[in-house]
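Tertiary structure, described
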Amino acid sequence: AAAEKLSKEQTDKEQNPPNWPSSVHVIEADDQFVGDKQALFDRIFSDDGKYTVHPWGAEFPNTDRYGGYFNETGRDFDAKRVAVLLKPGVHRAKFNVGFYNSLVGLGREPGAVELDAFEVLNGVGADGVQHGAGPGALDNFWRSVENLTTAPGRNI
């Protein structure tokens, strides 16, 4: 079946940019962003404090020793979905990819969006320790990272 084409009247009604729901975050690159990007990422992925943020090196904002990891116990069957869309440019922050989180670079190619690092912590208990030999597959498939690069020399 052929796809239905939208009329000019229908397309003129769509706001550009769209009126995104609160679960979609469009983030400016550092040269346009005002504030503490790491704190924003931590707020988004702790779900405004619903899940615990365990900061490391919090006294060093905007360095590779800043940011947290999250105790996501109970989040694996949550109904909330979150998308973080990074505009092209450099983003000096660490992104913790939680359950049902999508991190997407909006550049024409992956090199157009550079993020310091991203992290997926699986099997980490409330004590901050990895338990078991490694994460199971169920801890990974509800997350996605697409179309970006990490800073040179950084581990993900």
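These remarks concern the structure in this document.

Procedures and definitions
- Residues numbered from 1 in each chain as written.
- Predicted model: local features only at pLDDT ≥ 70, side-chain atom pairs only at ≥ 80, totals over all residues.
- Heavy atoms only, no water.
- Phe/Tyr/Trp six-rings, centres within 6.5 Å; stacked < 30°, edge-to-face > 60°.
- Helix = DSSP H or I, 4+ residues; strand = E, 2+ residues; numbered from the N terminus.
- Buried < 20%, exposed > 50% of the residue type's maximum accessible area, 1.4 Å probe, protein only.
- Lys NZ or Arg CZ within 6 Å of the ring centre and 35° of its normal.
- Patch = residues over 30% accessible without salt bridge, like charges linked within 9 Å, V, L, I, M, F, W, Y side chains within 5 Å.
- Areas by Shrake-Rupley, 256 points an atom, 1.4 Å probe, with all protein chains shown as cover.
- Salt bridge = Lys/Arg side-chain N within 4 Å of Asp/Glu carboxyl O.
- Contact = heavy atoms within 4.5 Å.
- Pairing = 2+ DSSP bridges.
- Axes fitted to C-alpha atoms, helices over the stretch in contact; angles between N-to-C directions.

**Quick word on the packing of aromatic side chains**
Throughout the structure, instances matching the rule amount to two aromatic pairs. Ring centres of F45 and F95 lie 4.5 Å apart, and the angle between their planes is 75 degrees; this geometry places the pair in the edge-to-face category. Here F45 is found in helix α2 (residues 37-45), whereas its partner F95 is found in strand β5 (residues 89-96), with 50 residues between them in sequence. Here F45 and F95 have matching classes, each one buried. Taking the ring centre of F33 as reference, the NZ or CZ of K37 above it sits at 4.9 Å. Sitting over the ring of F99, R143 keeps its end group 4.3 Å from the ring centre.

**Things to note about a nonpolar patch on the surface**
Taken together, the side chains of W20, V26 and L106 present a nonpolar region at the surface, about 260 Å² in accessible area. With respect to the secondary-structure elements, L106 resides in the loop between β6 (101-105) and β7 (113-119).

**Brief notes about the side chain of H25**
Of note, H25 is situated in strand β1 (residues 24-27). Excluding residues within four positions of it along the chain, H25 makes contact with I44, V82, A83, V84 and L85.

**Regarding the sheet that holds β5**
What the three strands build is an open sheet, ordered β5-β7-β9; its pairing is parallel. Each edge of the open sheet carries a strand with a single partner, namely β5 and β9 (149-150). Note that β5 and β7 share six bridges and pair parallel. Directly across from K94, in β7, lies its bridge partner A117. Of the strands in this sheet, β5 and β7 are in contact with α2, which crosses β5 at around 40 degrees.

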